[in-house]
Amino acid sequence: MAVGKADVLVTGLGATTPLGGDVASTWAALLAGESGIGPIEEDWAAGLPVRIAGRLRVEPTDVLDRVKARRLDRCEQIALIAAHEAWADAGRPEVEPERLAVVVGTGTGGVLSTLGQDDILEASGVRRVSPYTVPMLMANGPAAWVSIELGARGGAHTPVSACASGAEAIAMGLDLIRLGRADVVVAGGAEACIHPLTIAGFSQAKALSTRNDAPREASRPFDAARDGFVIGEGAALVVLERAEFAMARGARAHAGLAGAGITSDAHHITAAHLGGQVRAMRLALASAGLDPLDIGHVHAHATSTPTGDVTEARSIADAIGTHPVVTATKSMTGHLCGAAGAMGAIAAILAIRDGIVPAIRNLDTLDPQVEIDAVAGRPRHGRLAAALANSFGFGGHNVSLAFASAS
């Protein structure tokens, strides 16, 4: 397959993030090098070793009907917001319901509802527990609600692969179309898990940055002074279409989804493994019919952990080479966990479409162990024929998505 001739096209984009309530505002903030990370204002954060996070820029209840919002977990709320934007951006395709599928990944699902309703049960008894508790806590809730909203009867799927969930959802969407099971798929990820328990757990694992006094400088992928990631929340979804279907209806495409690679490390529950990451990138290239030299840009998973960033940099150099320009937008959004891979995919798509790669915020001194062309200081301009977006998760999940120019 020639670069730019993908059989699956990306026709719609939707997101709500710590940088903005939609794709346009998020993308503008990424190009401007802004940060969506700040202090946690709630009282419960006072006794925690980490008191910073990437909160949503726009509250879901400012967008959704308030009665409906009360019956949804925050993760479900933001999945719907991103889905509505992506669907509108795609021009609301007229597709048979049985040929429309939904795939929305998440790492923790309705964890806020799970913990919140348990608190109510303990404090006030069973009669005070919401009758919507189970639909709010179930991991498939975001996918289910999006399918209901859009009338999708071609399947509603939920990959749960930690921080690779959103990317794996997009890879599954590619498979559904290539296997002939759908003409259109709405795919991506959603996560809302900023809670004292999750922060305490990540803190105990020594995974989070402790720069409480400088939240905007805390997330610093590939920088020599990085000390961990910053937890964030958000949702990012794309509309994928069979190329012939999209062209027949005159749809505009942001880019082509050319291929995907999925591997597992079978190595360690939290530690990254170079071999699995390399294989995922090589499988993505093979799936797309691309050569490493075709790849001009890599959107790195790069969470800002001391060991993880080095492993990924070495994996990129091994699988692709040192020629692609590399960025890491978690430096601005924080780590959106189950939505991270989908947000990284959108950033890669827009980099191809607009010919510009955002700079990595807080990259003051490149770690000497990192031998890649990391974009620092200001965005990098130039035509991009193809790009990879990497996403890796606890448990040894590795996903690499290959995108190509639609022009």
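Here, the structure is the one placed above.
Model, not experiment: these values are computed from the prediction.

### As for the nonpolar core
- Among the nonpolar cores identified, the biggest contains 52 residues, and Ile170, Leu240, Ile346, Leu401 and Phe403 are the most heavily contacted of them.
- It is helix α13 (residues 340–354) that contributes the most residues to this core, 10 residues altogether.
- Not counting residues up to four positions away in its chain, the partners in contact with Leu401 are Ala167, Ile170, Ala171, Gly259, Ala260, Ala345, Ala387, Leu388 and Ala389.
- One finds Ala69, Ala82, Val102 and Leu150 within the second-largest nonpolar core, a separate group that totals 30 residues.

### Brief notes about the side chain of Arg74
- Tracing the backbone shows Arg74 in helix α3 (residues 74–89).
- Of note is the side chain of Arg74, whose polar atom sits 2.9 Å from the side chain of Glu59.
- Those residues in contact with Arg74 that sit more than four places away from it in its chain are Leu56, Glu59, Pro60, Leu112, Ala192 and Glu233.

### Concerning the layout of surface pockets
- Within this model, the largest pocket holds a volume of roughly 690 Å³.
- Those elements that place two or more of their residues in the lining of the largest pocket are α8 (196–204), α11 (306–319), β14 (386–393) and β15 (397–404).
- In terms of residues, the lining of the largest pocket owes the most to one element, α11, which gives six residues.

### Description of the packing of aromatic side chains
- Summed over all chains, the structure comprises two aromatic pairs.
- Judged by centre distance (5.2 Å) and plane angle (80°), the ring pair of Phe202 and Phe229 falls under edge-to-face. With Phe202 in helix α8 and Phe229 in the loop between α8 and β7 (234–242), the pair connects residues that are 27 residues apart, well separated along the chain. Note on accessibility: Phe202 and Phe229 belong to one class, buried.
- Ring pairing ties together the aromatic residues Phe202, Phe229 and Phe394, which thus form one cluster.

Analysis parameters
- Residues numbered from 1 in each chain as written.
- Predicted model: local features only at pLDDT ≥ 70, side-chain atom pairs only at ≥ 80, totals over all residues.
- Heavy atoms only, no water.
- Core = buried A, V, L, I, M, F, W, Y, C linked by side-chain atoms within 4.5 Å.
- Buried < 20%, exposed > 50% of the residue type's maximum accessible area, 1.4 Å probe, protein only.
- Helix = DSSP H or I, 4+ residues; strand = E, 2+ residues; numbered from the N terminus.
- Contact = heavy atoms within 4.5 Å.
- Polar contact = N/O pair within 3.5 Å; in protein donor to acceptor, adjacent residues only side chain to side chain.
- 1 Å grid on protein atoms, 1.4 Å probe; cavity = no way out; pocket = protein on both sides within 12 Å on 5 of 7 lines; lining within 4 Å.
- Points joined across faces, edges and corners; volume = space filled by probe spheres on them.
- Phe/Tyr/Trp six-rings, centres within 6.5 Å; stacked < 30°, edge-to-face > 60°.

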